[in-house]
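Listed below are the residues making up each chain.
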Amino acid sequence: MGKTKVVGIAGRYGTRYGATLRKKVKEVLEKRYAPHTCPFCGHKGRVTRISTGIWMCKKCGMKWTGGAYLPRTEVSKTFPNIIVRE
Ligand SMILES: [Zn+2]
């Protein structure tokens with residue numbers, strides 16, 4: 001008690017939110033900054049966000065729509081919408 005809880009990169013959000021939400025934010029941010037796996041070629045670490053909700057794999061050149069911060073959203077459990085097939 002009284003000890004500052006280590007919440008990683010979500011720590012900057014301070015005590016404005018409850019512990020549960022901070023944990024959730026931490027999870028989202030960690031996913032956001034973690035290397036993403038391409039849903040098409042499976043290569044990890046070459047997926048970049050080129051615009052909000054638009055993702056591109058530098059390995060296979062695929063572009064698709066996804067979440068604003070993640071290549072895949074929770075709701076789109078099906079294959080992502082392909083924008084450009086090269
Ligand atoms: Zn790929």
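The structure under discussion appears in the preceding block.
What you see is a predicted model; the values in this text were computed from it and never measured.

**Concerning the overall build of the protein**
Each helix and strand in the protein was counted, giving one helix and four strands. Each helix and strand of the protein, placed in order from N terminus to C terminus, yields the pattern α-β-β-β-β. In the protein, which comprises 86 residues, the proportion classed as buried is 21%. Long-range pairs, those at least 24 residues apart, make up 18% of the contacts in the protein with a sequence separation of at least 6.

**Some thoughts on the coordination of the zinc ion**
Around the zinc ion, the protein contributes the donor atoms Cys38 (SG), Cys41 (SG), Cys57 (SG) and Cys60 (SG), which lie 2.2 to 2.3 Å from the metal centre. For the zinc ion, the four donor atoms are set out with angles of 106 to 113° between them, so the coordination reads as tetrahedral. Sequence positions of the residues that donate to the zinc ion give the spacing C-x2-C-x15-C-x2-C. Since its relative accessible area comes to 3%, cysteine 38 is described here as buried. Exposure remark for cysteine 41: the relative accessible area of 37% places this residue in the partly exposed category.

**Observations regarding the pairing of strand E1 (residues 47–51)**
Remark: a regular strand shows side chains that alternate across the two faces of the sheet. As defined by bridge partners, E1 adjoins strand E2 (residues 54–57) across four bridges and the pair is classed as antiparallel. Looking at the pairing, serine 51 lines up with isoleucine 54 of E2.

**Structural notes on the packing of aromatic side chains**
Working definition: an aromatic ring pair is given by the centre-to-centre distance plus the angle between the planes. Using the criterion set out here, one finds one aromatic pair in the structure. Taken together, a centroid distance of 5.2 Å and an interplanar angle of 65° make the contact between phenylalanine 40 and tryptophan 64 edge-to-face. Taken as a pair, phenylalanine 40 in the loop between helix H1 (19–33) and E1 and tryptophan 64 in strand E3 (residues 63–65) lie far apart in primary sequence, 24 residues in all.

**A word on the pairing of E2**
Residue alternation in E2 divides its side chains into a buried set, Trp55 and Cys57, and an unburied set, Ile54 and Met56. Taken together, E1 and the strand that follows it, E2, pair antiparallel across an intervening segment of two residues, in which glycine 53 is found at a positive phi of about 80°. Two strands pair when backbone bridges link them, and E2 and E3 are joined in this way by three bridges, in the antiparallel orientation. Pairing of tryptophan 55 across the sheet is with tryptophan 64, part of E3.

**So, the environment of leucine 29**
Tracing the sequence through the fold places leucine 29 in helix H1. The exposure class of leucine 29 is buried, given its relative accessible area of 7%. Measuring from C-alpha to C-alpha, the distance between leucine 29 and leucine 70 comes to 9.5 Å, with 41 residues separating the pair along the chain.

The rules we used
- Residues numbered from 1 in each chain as written.
- Predicted model: local features only at pLDDT ≥ 70, side-chain atom pairs only at ≥ 80, totals over all residues.
- Heavy atoms only, no water.
- Helix = DSSP H or I, 4+ residues; strand = E, 2+ residues; numbered from the N terminus.
- Buried < 20%, exposed > 50% of the residue type's maximum accessible area, 1.4 Å probe, protein only.
- Contact = heavy atoms within 4.5 Å.
- Donors = N, O, S within 2.8 Å, 3.2 Å for Na, K, Ca; no water.
- Tetrahedral: all angles 85-135°; square planar, octahedral: opposite > 155°, others 65-115°.
- Pairing = 2+ DSSP bridges.
- Phe/Tyr/Trp six-rings, centres within 6.5 Å; stacked < 30°, edge-to-face > 60°.

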